[in-house]
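# Examining the three-dimensional arrangement
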Amino acid sequence: DAGITQSPRHKVTETGTPVTLRCHQTENHRYMYWYRQDPGHGLRLIHYSYGVKDTDKGEVSDGYSVSRSKTEDFLLTLESATSSQTSVYFCAISESMGGYTFGSGTRLTVV
Amino acid sequence: SQQGEEDPQALSIQEGENATMNCSYKTSINNLQWYRQNSGRGLVHLILIRSNEREKHSGRLRVTLDTSKKSSSLLITASRAADTASYFCATDLQGAQKLVFGQGTRLTINP
């Protein structure tokens, strides 16, 4: 979707290295989310943000941190990547109690 | 644990037939949403039904919601090959501005 972009689209990294994924929106939506998608688990919420500098944990937040210094950017950081964090990561945005708009995803492989 | 569970996990039908997918959830919701995901792509919002609504239509899609049974169904009428995708239900829990997704139904439309 043109209003939300994720970068990078693909990344291979080594175990123990830090990794930052970026989500950028041009919709000025208040809410931003990071999900991971794994076979057999569907989408699971990692962290979300309800405003600049306002973030909260999701159900699988261990090993991840986030930051939102501007309305348009929501960063997801893996402090020390592990093989269990190999996944497809999706960012999503929403304005209020409505549908989400998802990015195209980042495929992360930790070797 | 997952809030929403879709049934069946996989469904294969002939083009032109109707496809029905079900979703059950556990706790009170503000609304329930359905999304489609084509292979390798992000999720696309299809339809949202609020907790005080019982049925909603959008083109060939019909969604029902039964809050007493904590269940929803998505009906796709006159299926097409392009409907081949995974379909997810997601619940917007009361008191929380975040969606919880089920594991999805993989729908295959055979020409």
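Notes on the structure follow. Because the structure is a prediction, the values reported are computed rather than measured.

Let's shift gears to the state of the cysteines. Disulfides are covalent bonds that connect the sulfur atoms of two cysteines. Evaluation of the coordinates by the stated rule reveals two disulfides over all chains. Disulfide pairing places A:Cys23 opposite A:Cys91 at an S-S distance of 1.9 Å. Across the disulfide from A:Cys23 to A:Cys91, rotation about the S-S bond amounts to roughly -75 degrees, and the bridge is consequently left-handed. Here A:Cys23, found in strand E3 (residues 19-25), pairs with A:Cys91, found in strand E9 (residues 87-94); they are 68 residues apart in sequence, far enough to count as distant. Under the relative-accessibility criterion, A:Cys23 is labelled buried at 0%. Look at A:Cys91 and you get buried, because its relative accessible area is 0%. There is a disulfide in this structure between B:Cys23 and B:Cys89, and the S-S distance comes to 2.0 Å. The disulfide joining B:Cys23 to B:Cys89 has a torsion of about 65 degrees about its S-S bond and is therefore right-handed. In this pair, B:Cys23 sits in strand E3 (residues 19-24) while B:Cys89 sits in strand E9 (residues 85-93), placing the two residues 66 residues apart along the sequence. B:Cys89 carries the same exposure label as B:Cys23, and that label is buried.

Of the residues lining the interface, 20 residues belong to chain B; the matching set on chain A comes to 22 residues. Note on chain B versus chain A: buried area summed over both sides is about 1700 Å², and carbon and sulfur give 51% of it. Linking chain B with chain A are zero salt bridges, by the criterion used here. Run the count over chain B and chain A and you get five residue pairs in polar contact (both at pLDDT 80 or more). Residue assignment for the side of chain B that touches chain A shows that the elements contributing at least two residues are strand E4 (29-37), strand E5 (43-50), E9 and strand E10 (99-101) of chain B. Ranked by residue count, the leading element in the side of chain B that touches chain A is E4(B), at five residues.

Here is what the cut-offs are and how they apply
- Residues numbered from 1 in each chain as written.
- Chains lettered and ligands numbered in written order.
- Predicted model: local features only at pLDDT ≥ 70, side-chain atom pairs only at ≥ 80, totals over all residues.
- Heavy atoms only, no water.
- Disulfide = S-S within 2.5 Å.
- Helix = DSSP H or I, 4+ residues; strand = E, 2+ residues; numbered from the N terminus.
- Buried < 20%, exposed > 50% of the residue type's maximum accessible area, 1.4 Å probe, protein only.
- Contact = heavy atoms within 4.5 Å.
- Buried area = accessible area lost by both parts, 1.4 Å probe.
- Salt bridge = Lys/Arg side-chain N within 4 Å of Asp/Glu carboxyl O.
- Polar contact = N/O pair within 3.5 Å; in protein donor to acceptor, adjacent residues only side chain to side chain.

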